[in-house]
Amino acid sequence: MNEALHLVPATTAGLLLGAMFFGGLWWTVRRAIRHERPALWFVGSMALRMGLALAGFYFVGRDDWRPLLACLLGFIIARFVIVRLTRQRTPRQMPPTQELRRAP
């Protein structure tokens, strides 16, 4: 039980790193499509996000694999949460009419 409590801060750090990484990706995509040089935005954002994520993983998993694994778990959970929060809602499509199902 005591060991599991030591992994909670690592999982929390992974959640924060994942939220920063994938939230930053979402923010970059929304901003870059409006600018003249979107490649510069994407490359700069990727370098910043990867640098922060790698530094965070390095700091969390200094000398043991268990906190590193817990941090990775939090990172993956954050990915699913960010994807779910940023998914665009599309209206349900109407089923095709009988006429469209048949070939002419």
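Presented here is a report on the structure given in the accompanying data block. Because the structure is a prediction, the values reported are computed rather than measured. (Residues numbered from 1 in each chain as written. Predicted model: local features only at pLDDT ≥ 70, side-chain atom pairs only at ≥ 80, totals over all residues. Heavy atoms only, no water.)

Helix and strand counts for the protein come out as four helices and zero strands. Along the protein, from the amino end to the carboxyl end, the secondary structure elements read α-α-α-α. By sequence separation, contacts in the protein at least 24 residues apart represent 70% of the contacts at least 6 residues apart. Counting only carbon and sulfur atoms, one obtains 67% of the accessible surface of the protein, whose full area is about 8700 Å². (Helix = DSSP H or I, 4+ residues; strand = E, 2+ residues; numbered from the N terminus. Contact = heavy atoms within 4.5 Å. Areas by Shrake-Rupley, 256 points an atom, 1.4 Å probe, with all protein chains shown as cover.)

For an α-helix, the turn length of 3.6 residues means that residues three or four places apart are oriented alike. Here helix α3 (residues 65–86) contains 22 residues, and its C-alpha end-to-end distance of 31 Å stays within 8% of the 32 Å for a straight helix at 1.5 Å per residue. Those residues of α3 not exposed but buried are P67, A70, C71, G74, F75, A78 and I82. One side of α3 carries all its buried residues, which in axial view fall inside an arc of 145 degrees. The exposed set on the far side of α3, more than 90 degrees from its buried face, consists of W65, F80 and R84. Buried residues in α3 make contact with α1 (2–32) and α2 (38–60). (Expected span 1.5 Å × (residues − 1). Buried < 20%, exposed > 50% of the residue type's maximum accessible area, 1.4 Å probe, protein only. Arc of directions from axis to C-beta.)

Turning our attention to the nonpolar core. Listed in full, the 11 residues of the largest apolar core are A10, L17, F21, F22, A53, F57, V60, A70, C71, F75 and I82. Here I82 is in contact with A19, F22 and G23, once residues within four sequence places are set aside. (Core = buried A, V, L, I, M, F, W, Y, C linked by side-chain atoms within 4.5 Å.)

This part covers the packing of α1 against α2. Two elements in contact, α1 and α2, have axes separated by 10 Å at closest approach and are oriented at 180 degrees. Viewed along their axes, α1 and α2 adopt a mutual orientation that is roughly antiparallel. On the side of α1, the interface is formed by A10, A13, L17, M20, F21, G24, L25, W27, T28, V29, R31 and A32, while α2 contributes P38, W41, F42, S45, R49, M50, L52, A53, G56, F57 and V60. Partitioned by chemical class, the residues of the contact of α1 with α2 number 17 nonpolar, four polar and two charged. (Axes fitted to C-alpha atoms, helices over the stretch in contact; angles between N-to-C directions. Parallel < 35°, antiparallel > 145°, perpendicular 65-115°, else oblique. Nonpolar A, V, L, I, M, F, W, Y, C, P; charged D, E, K, R; others polar.)

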